[in-house]
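Structural characterization, general
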Amino acid sequence: MPKLIKQDTICSDDWLAADAASDQVAQHHFPTLPQWRAATGRTLRTVQLQPGDVVAELADALDTLDIIAVDFPVLTDGRGFSYARDLRERGYRGELRATGHFMPDQVHYLRRCGFDAFQPADDSRIEEYLRQSRVFSEQYQASVDQPLPLFRRREAQAG
Amino acid sequence: MYIYDQYDQRIVDERVAQFRDQTRRYLAGELSDAEFLPLRLQNGLYVQRLAPMLRIAVPYGLLSSAQVRKLAHITRHYDKGYAHVSTRQNIQLNWPVLEEVPDILAELASVQMHAIQTSGNCIRNTTTDQFAGVAADEREDPRPWCEIIRQWSTLHPEFAFLPRKFKIAVCASEQDRAAIHAHDIGVELLPNAAGELGFKVLVGGGLGRTPVIGSVVCEWLEKRHLLTYLEAILRVYNQHGRRDNKYKARIKILVKAMGVEAFRDAVEAEWAQLRDGPSTLTEDEVARAKSFFTSPPYADIDGKDAGEALAARAAADPIFGNWLTRNTHPHRVPGYRAVTISLKATGIAPGDITDRQLDLLADLADSYSFGELRTTHQQNMVLADVEETALYSLWQRLQKAGLATANIGYLTDLICCPGGDYCSLANAKSIPVAEAIQARFEDLDYLYDLGPLELNISGCMNACGHHHIGHIGILGVDKKGAEFYQVSLGGSQSKDAAIGKILGPSFSQDAIPDVVENLLATFVSLRQGDETFLQTYNRVGIEPFKERVYAKAD
Ligand code: HEM
Ligand code: SF4
């Protein structure tokens, strides 16, 4: 089973990447956005987004979803970072999983954008992904894991 | 200037540790080339023709004397004893060794400096007017806003893997000295009808292969919304900018493709989600940022007396007089001037400065200008707060160090990229062209008679030397493997921003000084009164220039 990181620990589960070629959702595979859309009655409780998908399509269904996976086909395509923040800002509380070809050194930023599970396509370096997930202890911007920008926290400290 | 607190310092220190670890893993084979590439770029490290090139951030061009001494030390110890001032106010080293870059970054961190996001597809160093805080035509000091943008953009988690690089510039004066029309985002501090200062926001300017002048996306924005609005623009770009073709990936292409109205609508929609959220600026934060940019303790000087004494000096020593007229800029405080130190002496690559010159400038900053220096996007440096009575002795010391070339704003104060001597993307060399032009036009009286003139040289379409917005632009092109140069006229980087028009077929390297001479002769013969080159060009158009240059070439 593929390894992943959840709640700062290495674990494994049997979710596999979506199969866009098929009309059907194969067992243990995330549905693609079109497959999820085609399923009636919002019965599918997971979906995997690709760069280019319209996140807003999920807006009304967020509480019917347990896992939203956001795929990174290449490490330089940063659209998924914005998708994650968008989903969290729209109130999504379920698992947000980064999948695909991101690298260990991106986990820190991914986490700040709202991801809480990390499933790299190549799981042979999974310890490195964990090690790189908290390389900074401070940050300037507001983000999902720290909703107040540093300037507001500085002010709070100054009293 | 801005001083780090424990938070700023911790962020920069942790960045150094992170890059040290990344470099170690790369050298140990644990990170692939493809993985290390964006990581090193976001720390300013290019791999170039001869060695890596390291670009050090100089936030909005401001440096303390301690920082300048550190830069001198770094160039001496880790490089070949000189540094290069870039067209985005940064400092570049041409010869560092990859293994030592983490140590260089640690040295920088010890003086509150870094190389974060100086290249790569992320938000780059924010630039502004080199005369910020001292210019007489300023509406408000832009530097607190630049610092606010610096903090917001530094290690922003959402925008580190954009389609392409992203550059922001801020202008707060009547005259635009920050080229805001040629930036991905240009911000101008401007009053609304009620007289309240806010921001006009331009988007989608840029040079490179497809030069574009920015479009107005917001006529006037309340100050406290600055960060949420910028964030909304970046979000639209990050999600919709093209990623299939790196030559079409800049935000200017997206704005053109969508049309500025549709782009504005998309930004407004994103902004609706962010507006009035926690990133909305507070009065306390703005006051905190402003508290770092208060006036230094200026002496109370009778401006009229000082001015008269200076005029007498200049009359007695015309060489000093030349320098005084060209290389000093009016100051908002009576009895003071801002001094531009020309890094454009003939025979030295434009923008290059040695370790000893850096050390000297640090000393001069301490003696004459409250311990601060600035870099300019024209690749010079500035001492912003010099008493007029001290100008003569300052000039004498600069002269001894080869730093008193009296050419600021004139033809030989040209902008030039590293070109084929250093850069692996170059089509042609640019430094020797700059030198040949400087050597040809050494006669200062002729130069001054020509009036203000900007000549910009890039070694390829990437336009690092801003050739599109030079009054005269020179671009290195490749013609069947040989180095040629295309000439354009009429570009401008000011509020009347314009992209230059191509003159015609390109020229060989040795023809360029003659071509420039012909262009200038045409100008002189057509000039009315004391028109500038650009004014004459705008009146008569390109034809007379073309005729003269190509007639001669036959
Ligand atoms: C020697 C190594 C360098 C390399 C490999 C390099 C590479 C590039 C590339 C590829 C672009 C085009 C980017 C685009 O249009 O998307 C660019 C633009 C630019 N570079 Fe460089 N550059 C180098 C040095 C410099 C230096 C020394 C300066 C300053 C003197 C500089 C300043 C700029 C500026 C101002 C732009 C134009 C920004 C715009 O298109 O709006 N670069 N560079
Ligand atoms: S303009 Fe071209 S040649 Fe000059 S530095 Fe930029 S990439 Fe290199």
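Bear in mind the structure is a predicted one, so any value in this text is a computation, not a measurement. (Residues numbered from 1 in each chain as written. Chains lettered and ligands numbered in written order. Predicted model: local features only at pLDDT ≥ 70, side-chain atom pairs only at ≥ 80, totals over all residues. Heavy atoms only, no water.)

1. Remarks on the overall build of chain B
The test is simple: Secondary structure elements follow DSSP: runs of H or I of four or more residues count as helices, runs of E of two or more count as strands, with numbering from the N terminus. Each radius of gyration reported is based on C-alpha atoms, and the globular scaling rule is 2.2 Å times the count of residues to the power 0.38. For every residue, the accessible area (1.4 Å probe, protein chains only) is compared with the maximum for its type, and the residue is labelled buried under 20%, exposed over 50%, or partly exposed between those bounds. Contacts: residue pairs with any heavy atoms within 4.5 Å of one another. Residue-level accessible areas treat just the shown protein chains as cover; the underlying method is Shrake-Rupley with a 1.4 Å probe. Asp and Glu are treated as the negative residues and Lys and Arg as the positive ones, with His and the ends of the chain left uncounted. Just so you know, the charge point we use is NZ for Lys, CZ for Arg, CG for Asp and CD for Glu.
The number of helices and strands found in chain B is 18 helices and 21 strands. The C-alpha atoms of chain B give 23 Å as radius of gyration, which agrees with the globular expectation for 554 residues (24 Å, within 12%). Dimensions along the principal axes, computed over C-alpha positions, put chain B at roughly 60 × 60 × 55 Å. Counting only residues that meet the buried cut, chain B has 63% of its 554 residues in that class. Contacts in chain B between residues far apart in sequence, at least 24 positions, make up 68% of those at least 6 positions apart. For chain B, the accessible area works out to roughly 19,800 Å², and carbon and sulfur atoms hold 51% of it. Of the charged side chains in chain B, 58 are positive and 70 negative; the average position of the first set lies 5 Å away from that of the second.

2. Thoughts on the overall build of chain A
Each helix and strand counted, chain A has 5 helices and 6 strands in total. N-terminal to C-terminal, the α/β element order of chain A is β-β-α-β-β-α-β-α-β-α-α. In terms of overall size, chain A behaves like a compact globule, its C-alpha atoms giving a radius of gyration of 16 Å where 159 residues would be expected to give roughly 15 Å. When its C-alpha atoms are laid out on the principal axes, chain A stretches across 55 × 35 × 25 Å. In chain A, which comprises 159 residues, the share counted as buried stands at 52%. Within chain A, contacts between residues at least 6 apart in sequence are counted, and of these 47% link residues at least 24 apart. Entry remark: accessible area of chain A is about 7,000 Å², with carbon and sulfur atoms responsible for 50%.

3. A few points about the site of ligand 1
Residue and element names in this part refer to chain B. To keep it simple, the criterion reads: We call a residue near a molecule or strand as soon as one heavy atom of that residue lies within 4 Å of the molecule or strand. Identification of polar contacts relies on pairs of N or O atoms within 3.5 Å, with a donor-acceptor requirement for protein atoms, meaning one able to donate a hydrogen and the other able to accept it, and with residues adjacent in sequence counted only if both atoms are side-chain atoms. Throughout this entry, Asp, Glu, Lys and Arg are counted as charged residues, while Ala, Val, Leu, Ile, Met, Phe, Trp, Tyr, Cys and Pro are counted as nonpolar. The remaining residues, Gly among them, count as polar. Each domain's limits were defined by an automated method or a database of domain assignments.
Around ligand 1 lies a shell of 25 residues, among which Gln92, Lys165, Lys167, Arg250 and Cys464 are the nearest. Between Arg55 and ligand 1, the recorded distance is 3.4 Å, taken from a side-chain N or O atom to a nitrogen atom. In the model, an oxygen atom of ligand 1 is placed 3.3 Å from a nitrogen or oxygen of the Gly208 main chain. Partitioning the shell around ligand 1 into residue classes produces 9 nonpolar, 10 polar and 6 charged. When residues are assigned to domains, the shell around ligand 1 turns out to be shared by domain 1 (135–290) and domain 2 (415–549), each giving three or more.

4. So, the pairing of strand S4 (residues 67–72) of chain A
All names here are of chain A. The condition that has to hold: By definition, two strands form a pair when at least two bridges between them are found by DSSP. A right-handed crossover is one whose linking path, passing over the helix from the first strand to the second, runs clockwise when the strands point away from the viewer.
Taken across its 6 residues, S4 has 6 buried, putting it largely inside the fold. The side-chain alternation of S4 yields two buried faces, one formed by Ile67, Ala69 and Asp71 and the other by Ile68, Val70 and Phe72. The pairing of S4 with strand S5 (residues 95–100) spans 6 bridges and is classified as parallel. Counted as the bridge partner of Ile67 is Glu95 from S5. Between the parallel elements S4 and S5, the chain passes through helix H2 (residues 79–89) in a crossover that is right-handed.

5. Observations regarding helix H12 (residues 355–368) of chain B
All names here are of chain B. Cut-off, in case you're wondering: Take the residue count of a helix, subtract one, and multiply by 1.5 Å to get its expected span.
Its 14 residues place the ends of H12 20 Å apart at the C-alpha level, agreeing with the 20 Å of an ideal helix rising 1.5 Å per residue. Looking at H12, one finds that the buried residues are Asp355, Gln357, Leu358, Leu360, Leu361, Ala362, Leu364, Ala365 and Tyr368. Backbone geometry just after H12 places Phe370 at a positive phi near 55°.

6. Description of unusual backbone geometry
Residue and element names in this part refer to chain B. One non-glycine residue, Phe370, lies in positive phi territory at about 55°. Along the chain, Phe370 turns up in the loop between H12 and strand S14 (372–375). Phi at Ala463 takes a positive value of approximately 70°, unusual for a residue other than glycine. Examined against the element boundaries, Ala463 turns out to sit in the loop between strand S17 (455–458) and strand S18 (472–479).

7. What to know about the domain arrangement of chain B
Residues and elements named next belong to chain B. Cut-off, in case you're wondering: What gets called buried area is simply the loss in accessible area from a 1.4 Å probe that two parts show on being joined, summed for both. What counts as a salt bridge is simple: a side-chain nitrogen of Lys or Arg found within 4 Å of a carboxyl oxygen of Asp or Glu.
For chain B, the assigned domains are domain 1 (135–290) and domain 2 (415–549). On a C-alpha basis, the centroid separation for the pair domain 1 and domain 2 is 31 Å. Each side of the interface is counted separately: domain 1 has 16 residues, and domain 2 has 12 residues. Of the roughly 1,100 Å² buried at the junction of domain 1 and domain 2 (both faces included), carbon and sulfur atoms supply 66%. It is Leu207, Arg209 and Ile213 that lose the most area in domain 1 upon contact with domain 2, and together they represent 40% of the buried surface on that side. Applying the counting rule to domain 1 against domain 2 returns 0 salt bridges. Between the two partners, domain 1 and domain 2, sit 2 residue pairs in polar contact (both at pLDDT 80 or more). Residues belonging to the side of domain 1 that touches domain 2 are distributed by class as follows: 7 nonpolar, 4 polar and 5 charged.

8. What to know about the sheet that holds strand S2 (residues 9–12) of chain A
Residue and element names in this part refer to chain A. Here is the rule we go by: Fitting a line to C-alpha atoms yields each axis, with helices limited to the stretch in contact; the angle taken between N-to-C directions then spans 0 to 180 degrees.
In spatial order, the strands read S2-S1-S6-S5-S4-S3; together these 6 strands make up an open sheet with mixed pairing. At either margin of the open sheet sits one strand with a lone partner, and together these are S2 and strand S3 (46–49). Within the sheet, the average angular offset between the axes of one strand and its neighbour, ignoring direction, is 25°. Packing of H2 onto the sheet brings it into contact with S3, S4 and S5, and relative to S4 it is tilted by some 160°.

9. Focus on the coordination of the iron atom of ligand 1
Quick note on the threshold: Donor atoms are limited to N, O and S found within 2.8 Å of the metal ion, a distance that becomes 3.2 Å for Na, K and Ca. With water left out, some sites might look partial.
Coordination of the iron atom of ligand 1 by the protein comes from a single atom, Cys464 of chain B (SG), at 2.1 Å. Along the chain, Cys464 of chain B falls in the loop between S17 and S18.

10. Thoughts on the environment of Glu435 of chain B
Residue and element names in this part refer to chain B. With respect to the element layout, Glu435 can be found in helix H14 (residues 431–440). As for Glu435 and Gly195, which are separated by 240 residues in sequence, their C-alpha atoms are 48 Å apart. Leaving out residues up to four positions away in the same chain, Glu435 has contacts with Thr346 and Gly347.

11. Side note on the interface of chain A and chain B
If you look at the interface, chain A gives 41 residues, while chain B gives 49 residues. Interface area, chain A with chain B, both sides summed: about 3,900 Å², of which 50% is carbon and sulfur. Scanning the region where chain A abuts chain B turns up 11 salt bridges. Between Asp5 of chain B and Arg154 of chain A there is a salt bridge, with the nearest N and O atoms lying 2.7 Å from each other. Where chain A packs against chain B, one counts 33 residue pairs in polar contact (both at pLDDT 80 or more). Only H2, helix H3 (107–112), helix H4 (126–131) and helix H5 (150–158) of chain A provide two or more residues apiece to the side of chain A that touches chain B. Residue composition of the side of chain A that touches chain B, grouped by class: 16 nonpolar, 10 polar and 15 charged.

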